[in-house]
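Residues per chain, in single letters:
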Amino acid sequence: MINTPITINRASVSKIEATDLRNPEFGKVTTDHMFLAEYAGGAWKNARIQPLADLSLSPLTLALHYGQSVFEGMKAFRSQDGGIHIFRADKHYKRLLASLKRMAMPALPEEIFMGGLENLVSIDRAWVPKSGEGSMYLRPLLFASEARVGIKVAEQFCFLIVALPVRSYYNRPIRLKVEERFIRAAKGGTGSAKCSGNYGAAFYPTYLAQQEGYDQVIWTDGTEKKNIEESGVMNVFFIIDGKLVTPPLSETILDGVTRDSLLVLARSMGVEVEERPVSVFELEEALKTGRVSEAFGSGTAAVVAPISLIAFRGNDYTLPEYNDQSTMMQLKSKLESIRAGSAADTYNWLHRVTN
Ligand SMILES: *Cc1c(COP(=O)(O)O)cnc(C)c1O
């Protein structure tokens with residue numbers, strides 16, 4: 001596994017028997033353990049697995065005041081032979097490094113990231129659902145833990161990983177509103193970093209859209225509010241005139257691991273793919289003339305979230321019904337079978353943890 005020593009302190013009793021694993025409320029049910037490591041004096045130290053417990057933080061904790069905090073969202077799966085693997089751990093690690101750089105935070109050594117994930121998943125392996133029934137959501141978080149209300153790049157940081165079992169569930173199609181007042185990201189900003197503050201800033205526009213009966217917003221660019229960027233906290237795809245179209249990566253778009261995986265699979269299935277700017281006007285015209293056959297969001301949690309309705313300037317445009325033959329559902333099923341270990345891992349996406 002790794003060279004950095006990781007101290008392991010096991011929980012004396014497991015909560016697993018007392019947990020309703022058939023229907024865990026997403027984001028609340030955790031496994032028995034957590035991984036922690038601290039950075040101080042220029043070095044990472046004290047890497048450990050311990051029973052999951054509340055943190056004790058000074059009220060001066062820098063991340064709480066200034067938002068110097070980044071995270072990842074990834075998943076571990078059990079394959080049919082019972083072995084457990086993490087999906088595209090290397091790509092998540094690279095993205096974490098890019099986020100850390102943008103937020104002036106110290107790089108995390110790969111062996112701490114991978115070693116933390118591997119040890120946590122391994123010690124809590126009983127919590128990983130059976131193949132095809134769900135997954136273990138992994139949430140690495142790295143924040144400035146220094147106790148100092150002084151505006152200066154922090155010198156002390158905390159890295160932790162928590163694990164949450166999740167069941168596969170049916171997601172109802174989502175209704176989206178094109179947002180032209182608020183923006184998620186601006187050129188030169190932090191939109192391509194997975195930093196905590198991006199989420200905090202998105203809640204209010206999303207809340208307003210929900211008051212109007214929509215689920216999420218479709219973000220437009222910060223300059224002209226013209227080009228489509230993302231849908232809520234997912235990347236966004238359309239099928240226009242039979243082609244799979246998604247906005248190109250830029251410093252205002254988060255480089256989704258699911259987005260990348262779906263693009264690879266679509267190309268391998270012979271689907272014509274275009275990564276190019278999509279303006280709201282092009283989209284509206286294509287919706288009006290029935291040239292948009294499918295629209296969906298992509299992300300680790302849902303893989304593919306079908307979009308049933310797009311609202312633009314007071315007009316609601318309904319997308320056609322979809323079925324298992326729809327391109328997005330075929331892409332979803334292909335990616336899900338690779339993640340579940342039931343289709344060949346052609347691209348080396350599975351990082352094996354236990355046999
Ligand atoms: C995490 C995230 C995504 C999706 O990324 P995945 O790696 O596919 O889960 C998309 N947009 C935003 C803003 C995100 O934070």
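Residues numbered from 1 in each chain as written. Predicted model: local features only at pLDDT ≥ 70, side-chain atom pairs only at ≥ 80, totals over all residues. Heavy atoms only, no water.

A. Spatial organisation of helix H5 (residues 257-268). For H5, with 12 residues, the first-to-last C-alpha span of 17 Å sits near the 16 Å given by 1.5 Å per residue. Within the sequence span of H5, burial applies to Val257, Thr258, Arg259, Ser261, Leu262, Leu263, Leu265 and Ala266. Residue Gly270 follows H5 closely and has a positive phi angle near 80°. (Helix = DSSP H or I, 4+ residues; strand = E, 2+ residues; numbered from the N terminus. Expected span 1.5 Å × (residues − 1). Buried < 20%, exposed > 50% of the residue type's maximum accessible area, 1.4 Å probe, protein only.)

B. Main features of helix H2 (residues 89-102). With 14 residues, H2 extends 20 Å from end C-alpha to end C-alpha; this agrees with the ideal 20 Å at 1.5 Å per step. Where H2 terminates, the next one or two residues include Ala104, which has phi positive at roughly 55°.

C. Spotlight on the pairing of strand E8 (residues 157-167). For E8, a buried count of 10 out of 11 residues is recorded, marking the element as mostly surrounded by other parts of the structure. Relative to E8, strand E2 (residues 33-40) runs antiparallel, the two sharing five bridges. For Glu38, the partnering residue across the bridge sits in E8 and is Cys158. Across 11 bridges, the pairing between strand E7 (residues 134-144) and E8 is antiparallel. Residue pairing in the sheet places Leu141 in a bridge with Leu160 of E8. (Pairing = 2+ DSSP bridges.)

D. Broad picture of the site of the ligand. Around the ligand there are 14 residues in total, and Lys194, Tyr199, Glu230, Thr258 and Thr300 lie nearest to it. Here an oxygen atom of the ligand and a side-chain polar atom of Lys194 are 2.7 Å apart. For the ligand, the protein covers 95% of the area, taking 380 Å² as the surface of the free molecule. Broken down by secondary-structure element, the contributors of at least two residues to the shell around the ligand are strand E12 (234-240) and H5. The class makeup of the residues in the shell around the ligand is five nonpolar, five polar and four charged. (Near = heavy atom within 4 Å. Polar contact = N/O pair within 3.5 Å; in protein donor to acceptor, adjacent residues only side chain to side chain. Areas by Shrake-Rupley, 256 points an atom, 1.4 Å probe, with all protein chains shown as cover. Nonpolar A, V, L, I, M, F, W, Y, C, P; charged D, E, K, R; others polar.)

E. Main features of the domain arrangement of the protein chain. The assigned domain composition of the protein chain is domain 1 (7-167 + 350-354) and domain 2 (174-322). Computed from C-alpha coordinates alone, the two centres of domain 1 and domain 2 are separated by 28 Å. Across the contact, 15 residues belong to domain 1 and 16 residues belong to domain 2. For the pair domain 1 and domain 2, the summed buried area comes to about 1400 Å², and 58% of that belongs to carbon and sulfur atoms. Inspection of the domain 1/domain 2 interface yields two salt bridges. Note that Asp255 is salt-bridged to Lys91, the shortest N-O span being 3.6 Å. Across the contact surface, domain 1 and domain 2 share nine residue pairs in polar contact (both at pLDDT 80 or more). A per-element tally of the side of domain 1 that touches domain 2 places H2 first, with five residues. (Domains from an automatic or database assignment. Contact = heavy atoms within 4.5 Å. Buried area = accessible area lost by both parts, 1.4 Å probe. Salt bridge = Lys/Arg side-chain N within 4 Å of Asp/Glu carboxyl O.)

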